[in-house]
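# Overview (structure and organization)
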Amino acid sequence: MSDMPLSDVPSMPGWQPRDPSLGGPGGGGRAFRTGPRGQGRRAARAERRRRRRRSGWRRLLPTWRMLLGALLLGAALLVGGFFLGYHLVAIPPANAAATAQSNVYLYSDGTQITQAGDVNRESVPLARVPRSVQHAVLAAEDRDFYTKPAVDPEAMARAAWNTVTGKGTQGGSTITQQYVKNYYLGQERTLLRKVKEFFISIKLDREKSKDEIFEGYLNTSFYGRNAYGIQAAARAYYGKDVQQLDPAEGGYLATLLNAPSAYDVTAHPANLDKAMRRWSYVMDAMVGERWLSRADRADATFPTPYESEATTGVSGQRGYLVQAVGQYLTERGIVDRETLRQGGFRITTTIQRAKQEALVQAVDNQVMSRLDGSNETDRYLRVGGASVDPATGRVLAMYGGFDYTRQYVNNATRRDYQVGSTFKPFVFAAAVHSGARTQDGERITPETMYDGANKRPVQGWRGKAYAPGNEDDVDHGPISVRTATDRSVNAVYAQLAVDVGPAKVEQTAIGLGLPADTPDLNPSPSIALGPATASVLDMAEAYATLANHGRHGEYTLVRKVERLGGGRGGHPAGEEVKLPRSRTRQAVSREAADTTTAMLRSVVQDGTGSAAQAAGRPAAGKTGTAEHDRAAWFAGYTPDLATVVTVMGQDPETGAQKSLYGALGEDRMNGGGTPAQIWGDYTRMALSGTPPRGFDLQVAEGMEVRGEDPREDRDPRATGEEAEAEAGEPRGAYRPDGPSANPSAGTGRDPGGRTGGGAPSGPPGGASPDTGDGRPRGGTGAGGGTGTWGGTGGGGPHQNAGPGPDPVTGHGPDGGPEAGGGGPLTGIPASAAYRPPAPVPDGGAESPGGPPPAP
């Protein structure tokens, strides 16, 4: 049967053999059924296929198989895309705008001077942000931040749906996503940025703690008013540091995150209701989250912010302080210029706020209030000032100009104006320190006599002949060094410089504090007249050395420098930058410095600096005038404070130096005028409330200055009873050659002259022969006191005598004509209306032939 050919197989009804070409054993194939039954089954299958085929609109709908396939494919793509994106999108470095910070400058007490930098931001650690402020931000932006993942798909979908359905453009970003946008990416609205934000947020949530992310968010968010970060916002809206914010204020700052410009109610008062509703929403949300009690919520009122300041952060004196501090830090290599420019430093300066304000007030009183818009010369006025603590070298106050936004050059640090006769004390200090002698071999002391003839050629100089002129070409004749200092006689000091040695004078000036590269500081006879162009701050440092008994310490403007953190360098917040160690050395002997101080006390008491008596304290100082009256100086000190003030002339358009003839309505501008008046006014205010101290002087042997008591440490304004207790001497005591300690002599100064009687019933006072100019120091009334302390009797009229007693103190002005009218110290204003007498003109650097060139 198996070998039977297919053709021999008997046919069966309904079957037929398959074509051998279809394959199969033996070249044949299986037979298939034919006939009505087979055809019916085939027809049924075809009908079922026909029915499954859809037509019309139904053909447009996918089948369940298609849907399932698409779903599986989409899931595969989504999962694959997520893993691909997660691995491809890396956390980038922070963008420059996010890391840029301002530098914060503080007064010595920690109160803020200003913030300066390209971006107004001060990053603060989260620990400095009160919990109530943190909760306010979370209530406003992301209440579940600490419990939910970095991204919230549901919120993103909801925000997308609301945007699509016309309910407004809404954000579905978490705090993490917003921080990523601020810190790593940017504010552009693109799909690519959103994709990057998504993946970076997920990665960041795995690599950083929630606190780190929240801290970064608070420090990078924009709050309006050019304030980036919560600390800058606290300063911009409430003028306080973030740690001082209360819950209501924190709630308002959190409100601003939603729409900073719209919710600034001082900029847009019409939006007040809208802002208050948003603020209430935030506060109520805090209650709902149990972050704020209902009682505290009920007590909270809407915290209206301060008006936005229209001025810049460097207006007024602030810009000059920032400039000077930056120069100090970079020149000493503490912080390089580029790093400082990038910001991120909290700099505590040595500037004391009260003294800074006093210096500004003194300039306002003596200059700004007297400016005349119709006076062309008044346009040229420029004022510079610096005040230093002699004991520490710390700069306590600085005046750089009228306004940094109007004049960028700092008048306190510029080095282009001659210092004039304020240089002369350095010559005398060098003489005492080196034991110098005159051409005749006599030891130089305050009482050494010199020829003060106008244009007298200096002797013993091997260089070009030099014959300087005195101020106003006055011939003074034989004159002591002390009197020559009082009157600032050029002829005497040029010769004195030669006797000491110009090179020694130069080195002494450098030792006291002037920079070695000071322009025009040359070892020639003219050095004594002050052609050198040291800065106000340089001179203040040098005079502070004299006040500190010859011990020099370089001035400092900075007490502490801290990093804010969060910047490019990765430095932690609060890290301190190392400052150079303060070093002091004895520049000149104490005897040399103290003898110079005794000399300079005489300048204030009897010479060109009498206007400085307005300070009301023992003071020493020196006036100076630059060539052609282009600058006038007063440099002086008390035991507590060394201050230098200059008034300069400069054309505001061209920058050229200008003479000050006629400025402030005065014929001439000299150091004993406006600069000394500013000095006295400032020193009085700066030291107000502190007990006066006298100079503890150790003058060189045999160099006592007549009329000067080195032991004196009394307040010259003290009452008779106070003076008696301090002096420890009986009432009516008298010392012919020193200040009278007579307590019954009242509080007036010199109403009886140096030669008058000191007892209440003593002989009449007369003109003082040792003032050098024959000016009467008292009158003819009985009881005129001797020396420093005036009498209680009727000391006669004095150059400062007034019409009657002062309405505030009850004293007659400086030994007035009334009985018992011994007044306050000469030059001390007993009332605001008081003006000190016109000073004796001081010798300046000017000479007809000009200073000779250095040999």
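For the structure, see preceding data.
Now for a look at the structure at hand. (Residues numbered from 1 in each chain as written. Predicted model: local features only at pLDDT ≥ 70, side-chain atom pairs only at ≥ 80, totals over all residues. Heavy atoms only, no water.)

Let us look at the pattern of salt bridges. In total, this model carries 27 salt bridges according to the counting rule given. The partner of Arg 379 in a salt bridge is Glu 653, and the shortest N-O contact between them spans 2.8 Å. Of this pair, Arg 379 sits in the loop between helix 15 (353-366) and strand 6 (381-388) while Glu 653 is found in the loop between strand 15 (642-649) and helix 22 (674-686), placing the two residues 274 residues apart along the sequence. For the salt bridge of Asp 416 with Arg 414, the shortest nitrogen-to-oxygen distance reads 2.9 Å. Here Asp 416 falls in the partly exposed class, since its relative accessible area comes to 32%. Residue class for Arg 414 comes out buried when judged on its relative accessible area of 10%. One network of salt bridges, in which partners are shared, links Glu 471, Asp 472, Asp 629 and Arg 668. (Salt bridge = Lys/Arg side-chain N within 4 Å of Asp/Glu carboxyl O. Helix = DSSP H or I, 4+ residues; strand = E, 2+ residues; numbered from the N terminus. Buried < 20%, exposed > 50% of the residue type's maximum accessible area, 1.4 Å probe, protein only.)

Moving on: the pairing of strand 14 (residues 631-637). With seven of its seven residues buried, strand 14 lies for the most part within the structure. Burial along strand 14 is two-sided: Ala 631, Trp 633, Ala 635 and Tyr 637 and Ala 632, Phe 634 and Gly 636, pointing in opposite directions, are all buried. Taken together, the six bridges between strand 13 (residues 620-625) and strand 14 define a ladder with antiparallel strand orientation. Across the sheet, residue Lys 622 finds its bridge partner in strand 14, namely Ala 635. Joining the antiparallel neighbours strand 13 and strand 14 is a turn of five residues, in which His 628 adopts a positive phi near 60 degrees. Sheet topology note: the strand 14/strand 15 ladder contains seven bridges and is antiparallel. From the neighbouring strand, Trp 633 faces strand 15, where its bridge partner is Thr 646. Connecting strand 14 to the antiparallel partner strand 15 that follows it, the hairpin turn spans four residues. (Pairing = 2+ DSSP bridges.)

Now for the packing of aromatic side chains. Using the criterion set out here, one finds 16 aromatic pairs in the structure. When the ring of Phe 222 is compared with that of Tyr 228, the centres are 4.8 Å apart and the planes differ by 40 degrees; the resulting orientation is tilted. The partly exposed category is assigned to Phe 222, whose relative accessible area is 35%. Their ring planes at 70 degrees and their centres at 6.0 Å tell us that Tyr 237 and Tyr 252 sit as a pair that is edge-to-face. Of the two residues, Tyr 237 is situated in helix 9 (residues 230-238) and Tyr 252 in helix 10 (residues 247-256); the sequence distance between them amounts to 15 residues. Note on accessibility: Tyr 237 and Tyr 252 belong to one class, buried. (Phe/Tyr/Trp six-rings, centres within 6.5 Å; stacked < 30°, edge-to-face > 60°.)

With that out of the way, let us pick up the sheet that holds strand 6. The sheet built from five strands is open, its strands ordered 7-6-15-14-13 with antiparallel pairing. Since the sheet does not close on itself, it has two edges, and those belong to strand 7 (395-399) and strand 13, each with one partner. With direction set aside, neighbouring strand axes in the sheet form an average angle of 5 degrees. Direction of pairing for strand 6 relative to strand 15: antiparallel, over a ladder of eight bridges. Residue Gly 385 lies in a different strand from strand 15, and its bridge partner there is Val 645. Its contacts with the sheet put helix 21 (residues 590-606) on strand 13 and strand 14, and the angle it makes with strand 13 is roughly 65 degrees. (Axes fitted to C-alpha atoms, helices over the stretch in contact; angles between N-to-C directions. Contact = heavy atoms within 4.5 Å.)

One non-glycine residue, Asn 226, lies in positive phi territory at about 60 degrees. Mapping Asn 226 onto the fold places it in the loop between helix 8 (210-220) and helix 9. Its identity is not glycine, yet Ser 488 carries a phi of approximately 55 degrees, on the positive side.

Right, let's get into the side chain of Thr 330. Within the secondary structure layout, Thr 330 lies in helix 13 (residues 318-331). In this structure the side chain of Thr 330 is engaged in a polar contact, spanning 2.9 Å, whose partner is the backbone oxygen of Gly 326. Excluding residues within four positions of it along the chain, Thr 330 makes contact with Val 335, Asp 336, Arg 337 and Leu 340. (Polar contact = N/O pair within 3.5 Å; in protein donor to acceptor, adjacent residues only side chain to side chain.)

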